[in-house]
Amino acid sequence: MVGAKAVTVPSTSLDLAQQHSGVSSVIVKTPFYQVSCCGPVPCTSCCHARWPSLTESTCSRLFYILLHVGASAVCCLLLSRTVVERVWGKAHGIQMPSGLCVHLFGHSDCPVLSGSGAVYRICAGTATFHLLQAVLLVHLHSPTSPRAQLHNSFWLLKLLLLLGLCAVAFCIPDEHLFPACHYIGICGGFTFILLQLVLITAFAHSWNKNWLTGAAQDCSWFLAVLLATLGFYSMAGVGAALLFQHYTHPAGCLLNKMLISLHLCFCGLLSFLSIAPCIRLKQPRSGLLQASVISCYIMYLTFSALSSRPPERVILQGQNHTLCLPGLSKTEPQTPDTSIAVLSAGIMYACVLFACNEASYLAEVFGPLWIVKVYSYEFQKPSLCFCCPETVEAEAGQRAGAARPVDEETPPAPPVQTQHLSYSYSAFHFVFFLASLYVMVTLTNWFSYEGAELEKTFTKGSWATFWVKVASCWACVLLYLGMLLAPFCLSPTQNPQPPMFRGHCHRIILPDKKQPPV
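Bear in mind the structure is a predicted one, so any value in this text is a computation, not a measurement.

Asks: It is not clear to me how the overall build of the protein should be interpreted in this structure. Could you clarify?
Replies: When its secondary structure is counted, the protein shows 20 helices and 4 strands. Expressed as a percentage of the 518 residues in the protein, the buried residues total 44%. Pairs at least 24 residues apart make up 74% of the contacts formed inside the protein by residues separated by at least 6 positions. Counting only carbon and sulfur atoms, one obtains 68% of the accessible surface of the protein, whose full area is about 27900 Å².

Asks: Explanation requested: the layout of surface pockets in the structure shown.
Replies: To locate leftover empty space, one rolls a probe as large as a water molecule over the atoms. Put simply, the second largest pocket is a space of about 630 Å³. In terms of lining residues, the second largest pocket is bounded by 24 residues, among which Cys-296, Met-299, Tyr-300, Phe-303 and Ile-347 are the most central. Ranked by the residues each element gives to the lining of the second largest pocket, the list is headed by helix α11 (residues 219–246), at 7 residues. Looking at the lining of the second largest pocket residue by residue, the classes come out as 21 nonpolar, 3 polar and no charged.

Asks: Can you walk me through the environment of Ser-72 in this structure?
Replies: Topologically, Ser-72 is positioned in helix α4 (residues 56–79). When residues no more than four places from it in sequence are discounted, the contact partners of Ser-72 are Tyr-349 and Val-439.

Asks: Hey, could you run me through the UniProt feature "transmembrane region" (unreviewed entry) in the protein in this one?
Replies: Mapped onto this structure's residue numbering, the UniProt feature "transmembrane region" (unreviewed entry) falls at residues 62–80, 118–141, 153–172, 184–208, 220–244, 256–276, 427–447 and 467–490. For the annotated span residues 184–208, helix accounts for 100% and strand for 0% of the residues, and the straight-line distance between the end C-alpha atoms is 36 Å.

Asks: I tried to follow the packing of aromatic side chains on my own but got confused; where do I start?
Replies: Both the distance between ring centres and the angle between the ring planes are used here to describe each pair of aromatic rings. Going through the model one piece at a time under the given rule, you end up with 20 aromatic pairs. When the ring of Phe-466 is compared with that of Trp-467, the centres are 4.9 Å apart and the planes differ by 70°; the resulting orientation is edge-to-face. Phe-466 gets classed as buried once you look at its relative accessible area, which sits at 0%. Taken together, the ring pairs in this structure connect Phe-63, Tyr-64, Trp-155, Tyr-423, Tyr-425, Phe-428 and Phe-432 into an aromatic cluster. Taking NZ or CZ as reference, Arg-61 lies 4.2 Å from the ring centre of Tyr-423, over its face. The lysine or arginine in question, Lys-158, covers the ring of Trp-155, its NZ or CZ lying 4.0 Å from the ring centre.

Asks: Whenever I open this one, the state of the cysteines confuses me. Can you help?
Replies: By definition, a disulfide links the sulfur atoms of two cysteines through a covalent bond. Inspection of every chain in the model, using the stated rule, returns 0 disulfides. With no disulfide of its own, Cys-75 lies 3.8 Å from the sulfur of Cys-123, the closest cysteine sulfur. Cys-75 provides the cysteine sulfur closest to Cys-76, a residue in no disulfide bond, and the two sulfurs are 6.9 Å apart.

Asks: Is there a simple way to explain the nonpolar core in this structure?
Replies: Burial of nonpolar side chains together is a common tendency in soluble globular proteins. Counting residues in hydrophobic clusters, the biggest one holds 112 residues, and the most contacted among them are Phe-192, Ile-298, Trp-370, Leu-443 and Trp-446. For this core, the leading source of residues is helix α10 (residues 174–215), giving 15 residues. Each residue touching Trp-446, except ones within four places of it in the same chain, is listed here: His-182, Ile-186, Gly-189, Phe-190, Ile-193, Tyr-438, Val-441, Ala-464, Thr-465 and Val-468.

Asks: Honestly, helix α12 (residues 254–274) in this entry has me stumped. Any pointers?
Replies: Residues spaced three or four apart along an α-helix point in a common direction, a consequence of the helix completing one turn every 3.6 residues. For α12, which comprises 21 residues, the first-to-last C-alpha distance of 30 Å matches the rise-based estimate of 30 Å (1.5 Å per residue) to within 8%. Among the residues of α12, Asn-256, Leu-259, Ile-260, His-263, Cys-267, Leu-270, Ser-271, Leu-273 and Ser-274 are the ones counted as buried. End-on view of α12: buried residues confined to an arc of 165°, all on one side of the axis. The exposed set on the far side of α12, more than 90 degrees from its buried face, consists of Leu-254, Met-258, Cys-265 and Phe-272.

Asks: Whenever I open this one, the packing of α4 against helix α9 (residues 155–170) confuses me. Can you help?
Replies: The packing of two helices is summarised by the inter-axis angle and the distance between the axes. Their axes nearest at 13 Å, the elements α4 and α9 cross at an angle of 25°. One finds that α4 runs roughly parallel with respect to α9. Here the hand of the crossing between α4 and α9 comes out right-handed. For the pair α4 and α9, the contacting residues are Ser-60, Phe-63, Tyr-64 and Leu-67 in the first and Trp-155, Lys-158, Leu-159 and Leu-162 in the second.

Asks: Where do I start with the side chain of Ser-274 in this structure?
Replies: For Ser-274, the location among the structural elements is in helix α12. The class for Ser-274 is buried, based on a relative accessible area of 0%.

Asks: Help me out: how do you make sense of unusual backbone geometry in this one?
Replies: For residues besides glycine, phi is generally negative; the peptide bonds are generally trans as well. In this structure, His-139 is a non-glycine residue whose phi angle is positive, near 60°. Along the chain, the position of His-139 falls in the loop between α7 (116–136) and α8 (148–152). Positive phi, normally seen in glycine, also occurs at Trp-446, with a value near 60°. Along the chain, Trp-446 falls in the loop between α18 (425–443) and α19 (454–460).

Asks: Would you take a moment to explain the side chain of Ser-307 for this structure?
Replies: Turning to its location among the elements, Ser-307 is positioned in the loop between α14 (288–306) and β1 (312–316). When its relative accessible area of 11% is taken as the criterion, Ser-307 is described as buried. Looking at Ser-307, its side chain comes within polar contact range of the main-chain oxygen of Ser-304, at 3.0 Å.

Asks: So what exactly am I meant to see when it comes to empty space enclosed by the protein here?
Replies: Tallied over the entire structure, the rule returns 5 cavities of 30 Å³ or more. Approximately 180 Å³ is the volume found for the largest cavity. Surrounding the largest cavity, 16 residues form its lining, Gln-196, Tyr-300, Leu-301, Tyr-438 and Ser-472 being those nearest its centre. Where the lining of the largest cavity is concerned, the elements lending two or more residues are α10, α14, α15 (338–366), α18 and α20 (463–489). Ranked by residues supplied to the lining of the largest cavity, first place goes to α14 with 4 residues. Classifying every residue of the lining of the largest cavity by side-chain character gives 11 nonpolar, 4 polar and 1 charged.

Scoring rules and cut-offs
- Residues numbered from 1 in each chain as written.
- Predicted model: local features only at pLDDT ≥ 70, side-chain atom pairs only at ≥ 80, totals over all residues.
- Heavy atoms only, no water.
- Helix = DSSP H or I, 4+ residues; strand = E, 2+ residues; numbered from the N terminus.
- Buried < 20%, exposed > 50% of the residue type's maximum accessible area, 1.4 Å probe, protein only.
- Contact = heavy atoms within 4.5 Å.
- Areas by Shrake-Rupley, 256 points an atom, 1.4 Å probe, with all protein chains shown as cover.
- 1 Å grid on protein atoms, 1.4 Å probe; cavity = no way out; pocket = protein on both sides within 12 Å on 5 of 7 lines; lining within 4 Å.
- Points joined across faces, edges and corners; volume = space filled by probe spheres on them.
- Nonpolar A, V, L, I, M, F, W, Y, C, P; charged D, E, K, R; others polar.
- UniProt positions renumbered as here; feature names shortened; annotations may be inferred.
- Phe/Tyr/Trp six-rings, centres within 6.5 Å; stacked < 30°, edge-to-face > 60°.
- Lys NZ or Arg CZ within 6 Å of the ring centre and 35° of its normal.
- Disulfide = S-S within 2.5 Å.
- Core = buried A, V, L, I, M, F, W, Y, C linked by side-chain atoms within 4.5 Å.
- Expected span 1.5 Å × (residues − 1).
- Arc of directions from axis to C-beta.
- Axes fitted to C-alpha atoms, helices over the stretch in contact; angles between N-to-C directions.
- Parallel < 35°, antiparallel > 145°, perpendicular 65-115°, else oblique.
- Left-handed = near helix turned anticlockwise from the far one by under 90°.
- Polar contact = N/O pair within 3.5 Å; in protein donor to acceptor, adjacent residues only side chain to side chain.

Have a look at this one:
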């Protein structure tokens, strides 16, 4: 290479063996900042080399998910009274060393390093970590931009930054931390719930429109719509029956009985409106498939709410019994079941990860107003992967170029393909910022964070968590009703143009319009 300087390195036994064997080799030493993930070369290259089908941005997304799962797991461990007692042997929580406490705060009244305070501090550090990246990556649309390396590289530095933010949060006194984080967490938690509801209604709406497009062309798609609809209604019905069986009791649980019955009525109302003639006049693709998905989700929210409410205590046959919890028999005392709590927490966190990934993808496809535009998108052809359309046809300009006459002097120029992000980096981090706040307030019982414990959060429940989940269920019903009734509020002349989807969900294809020959 011209201008390169020769570097003499000491010969090793391997070098001498290669020289004697007549094989010349060049030893390239990888810089330390690349090996340690400190530099611009992404550590996700090892992930991409192991699974070539995964892109660099997809591997980065998996790494961020692992970071969030790890932070949430640490929060659960520090919130668990059982773990703190068995590992650290302290029933009243982990205390900061008195010497460090006096040096930082000037007094010996140290904050507790476990319980709800630890959850608030770790989630505050995680939320700040994602919010900083969301601000730095605003209006980023190309993966080759230098700012894209902030998302895909510097993993060791980002891990140190995350740990540093959490450590700084542990240095904030309780009287300053709890009021600020509590109100910010409540607002962020409610925002994340609304975002989840928008995503699930958009998911059901898009699925219904996509498959009904195919049902109008092929009977096999109509059969798929029918089977999916029956499947979701069956799951909703079985779920309602199980709720009546396990969360009600002949001697009490009146609130549970009223709530399950009310939500079943909501499911019937939404199903009727979805196929009502006046609705189908404005939305010809409206059908029972989307209503069945929403009904199934309503039953899940009902289960989540009932599993979060405190149990009732009544006197039966001279004995104190706990009711309104899953039990083996209606006549026997009911006891808390940890498997139900684990199932509820698992589904909740799966919904959190789904919302974080799906929102970032839709934000890149439809732009900042994706919450509105996603409902007006019209599918041209059906597909099993309706949330991620297949590759669109070749550009009109390419087809015209291929049909250019041979005797034409100027050959067609090769089409220039612009690289685009597969998902919005900024929206991805902002949704994870909201998800961190949502996890924080969920683990600490929303409004009653004082004295929160993991064992009580998912087994004994609290009224604050119960009513938050009931309100989210009712908000889902109102959002779906608004989606059905929105066309009646729009002007008849309004005809929003749907955006062009991307080939393989990553590249926007704009058709090259050619003027017809005169």
